[in-house]
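# Coordinate analysis (summary)
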Amino acid sequence: MNQISSSPIVATTGALFMLAASLVFAGSNTLQSILPTPVEYGGVGMSSTGMAFWQYLIASILALPLILRIGLGNLRTAHPLAHELRALVSAIGVHVFVYGYASGVPIWQMVTLLATGPLFIIVGSVLFLGEKVSPARLAAALLGFMGAIIISGVGTEGLGLQALIPISAAALWAATDVLTKHLTRSGESPETLTISLLVLMTPNHLAILLLANALGGVLPAGLAPGFPFALPEGNGLVLLLLLGALTAGAQYLLAFAYRNADATYLQPFADVKVLLGGLIGWIALGQEPSVWFWPGALLIIGASAFIFWAEKNNPPAHLATA
């Protein structure tokens with residue numbers, strides 16, 4: 001879709017699906033924090049690499065109806081290496097992100113620091129795709145980045161190495177988006193882009209898991225302890241199955257949202273997960289956000305609301321998007 005849906009009912013439906021997806025993402029973020037946390041601190045003690053592998057394997061199984069609906073024939077492509085690179089970078093981003101939880105970064109900081117992603121997307125689109133940037137989109141990306149920096153605590157506790165973990169994940173996922181735009185320019189259909197990622201993610205997670213286990217002696221604690229395919233028991237297994245189900249559910253909700261409304265229109269609703277992540281982490285895990293979380297989160301949501309307002313009736317064409 002190149003512009004916001006002309007039907008208010010259709011657009012509202014898209015917004016409701018996006019709000020539901022944001023709530024599901026907030027729930028999955030909470031589980032991603034609990035599963036790798038050591039048992040002595042109230043968690044399950046699962047390795048972050050193992051959690052990511054099982055999470056996406058379960059999600060892929062539950063997404064089989066979607067895969068079959070799209071059709072395996074859409075896997076045919078003239079750019080197999082680009083699709084594999086896109087899936088690999090996306091998978092690495094997942095492992096970096098969940099390692100942030102394993103290393104103790106609170107949910108509110110993990111989720112909000114992902115707001116640095118739009119700035120990385122714009123930089124990548126300009127450098128590698130030759131796109132131009134509208135003043136409104138650049139301003140929105142910079143505002144979101146400022147909000148993330150405020151939340152990180154720069155000027156108070158400083159930007160520690162732990163805060164760089166979600167920022168690194170944001171950069172990796174931004175690279176995935178840039179590769180997606182490159183493939184779109186090369187003539188790849190949305191169906192091919194969707195199904196290739198769904199099919200390739202699990203093998204890439206498996207490769208990362210095996211590599212992490214082989215290098216376990218030189219990697220940070222929490223990445224690959226013990227047998228790489230070990231599943232948690234009891235409540236831990238239930239939480240892992242629920243995490244996989246939420247991951248699949250979020251993808252379905254996103255698909256329905258983007259089928260009903262334009263991405264620019266939906267962005268402010270998507271950013272509600274910043275506040276939801278902070279609130280659920282606070283209520284469920286007692287991870288009270290710092291005083292800087294609230295102004296930073298509001299700045300991030302304000303940036304999305306600004307770009308929505310700026311492009312509501314006149315969405316620019318051929319510009320670097322975030």
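Everything numeric in this text was worked out from a predicted model, so none of it was measured.

## Focus: the overall build of the protein chain
For the protein chain, the count of helices and strands is 13 helices and zero strands. The order of helices and strands in the protein chain, counted from the N terminus, is α-α-α-α-α-α-α-α-α-α-α-α-α. By the burial criterion, 48% of the 322 residues in the protein chain qualify as buried. When contacts within the protein chain are restricted to residue pairs at least 6 apart in sequence, long-range pairs at least 24 apart make up 85% of them. Accessible surface, the protein chain: about 15,100 Å² in total, of which carbon and sulfur atoms supply 69%.

## A word on the UniProt feature "domain: Rhodanese" (unreviewed entry) in the protein chain
In this numbering, the UniProt entry assigns the feature "domain: Rhodanese" (unreviewed entry) to residues 269-291. Helix makes up 70% of residues 269-291 and strand 0%, whereas the separation of the span's terminal C-alpha atoms amounts to 23 Å.

## What to know about the packing of helix α2 (residues 48-62) against helix α4 (residues 80-102)
At a minimum axis distance of 9 Å, the contact between α2 and α4 shows a crossing angle of 125°. Judged on the interaxial angle alone, α4 and α2 are oblique. Between α2 and α4 the crossing geometry is right-handed. Between α2 and α4, the contacting residues are Ser48, Thr49, Met51, Ala52, Phe53 and Tyr56 on the first element and Val94, His95, Val98, Tyr99 and Ala102 on the second.

## Regarding helix α12 (residues 272-285)
End to end, α12 covers 19 Å across 14 residues, agreeing with the expected 20 Å (1.5 Å per residue, within 8%). Directly beyond the C-terminal end of α12, a positive phi value near 70° is found at Gly286.

## Quick look at the confidence of the model for the protein chain
When pLDDT is averaged along the protein chain, the result is 81, and 84% of the positions lie at 70 or above. A low-confidence stretch, residues 318-322 stays under pLDDT 50, and its non-local contacts, those more than four residues away or across chains, total 23 contacts.

## Side note on the environment of Phe293
Along the polypeptide, Phe293 turns up in helix α13 (residues 293-310). Note: C-alpha distance between Phe293 and Thr112 (181 residues apart in sequence) is 8.3 Å.

## Brief notes about the packing of aromatic side chains
All chains considered together, the criterion is met by seven aromatic pairs. Centroid distance Phe53 to Trp54: 5.1 Å. Interplanar angle 70°. Geometry classified as edge-to-face. Of the two residues, Phe53 and Trp54, both sit in the buried class. Considering the side-chain rings of Phe97 and Trp173, the 5.4 Å spacing of their centres and the 50° angle between planes classify their relative orientation as tilted. Taken together, the positions of Phe97 in helix α4 and Trp173 in helix α8 (residues 161-185) put the pair 76 residues apart, joining distant regions of the chain. The buried category is assigned to Phe97, whose relative accessible area is 5%.

## Some remarks on the pattern of salt bridges
Applying the stated criterion to the full structure yields two salt bridges. One salt bridge connects Glu131 with Lys181, and the closest N-O pair in it is separated by 2.9 Å. Linking Glu131 in the loop between α6 (117-129) and α7 (135-152) with Lys181 in helix α8, this pair joins segments that are 50 residues apart in sequence. Lys181 shares its class with Glu131; the two are buried. The salt bridge partner of Arg185 is Glu131, with a shortest N-O separation of 3.2 Å. With Arg185 in helix α8 and Glu131 in the loop between α6 and α7, this pair connects stretches of sequence that are 54 residues apart.

## Section: a nonpolar patch on the surface
Nonpolar side chains collect at one region of the surface, where Leu68, Leu72, Leu75 and Val199 lie side by side and expose about 340 Å² of accessible area between them. Among the secondary structure elements, Val199 is positioned in helix α9 (residues 190-214). Using a relative accessible area of 31% as the deciding quantity, one classes Val199 as partly exposed.

Rules behind the numbers
Residues numbered from 1 in each chain as written. Predicted model: local features only at pLDDT ≥ 70, side-chain atom pairs only at ≥ 80, totals over all residues. Heavy atoms only, no water. Helix = DSSP H or I, 4+ residues; strand = E, 2+ residues; numbered from the N terminus. Buried < 20%, exposed > 50% of the residue type's maximum accessible area, 1.4 Å probe, protein only. Contact = heavy atoms within 4.5 Å. Areas by Shrake-Rupley, 256 points an atom, 1.4 Å probe, with all protein chains shown as cover. UniProt positions renumbered as here; feature names shortened; annotations may be inferred. Axes fitted to C-alpha atoms, helices over the stretch in contact; angles between N-to-C directions. Parallel < 35°, antiparallel > 145°, perpendicular 65-115°, else oblique. Left-handed = near helix turned anticlockwise from the far one by under 90°. Expected span 1.5 Å × (residues − 1). pLDDT = per-residue confidence, 0-100. Phe/Tyr/Trp six-rings, centres within 6.5 Å; stacked < 30°, edge-to-face > 60°. Salt bridge = Lys/Arg side-chain N within 4 Å of Asp/Glu carboxyl O. Patch = residues over 30% accessible without salt bridge, like charges linked within 9 Å, V, L, I, M, F, W, Y side chains within 5 Å.

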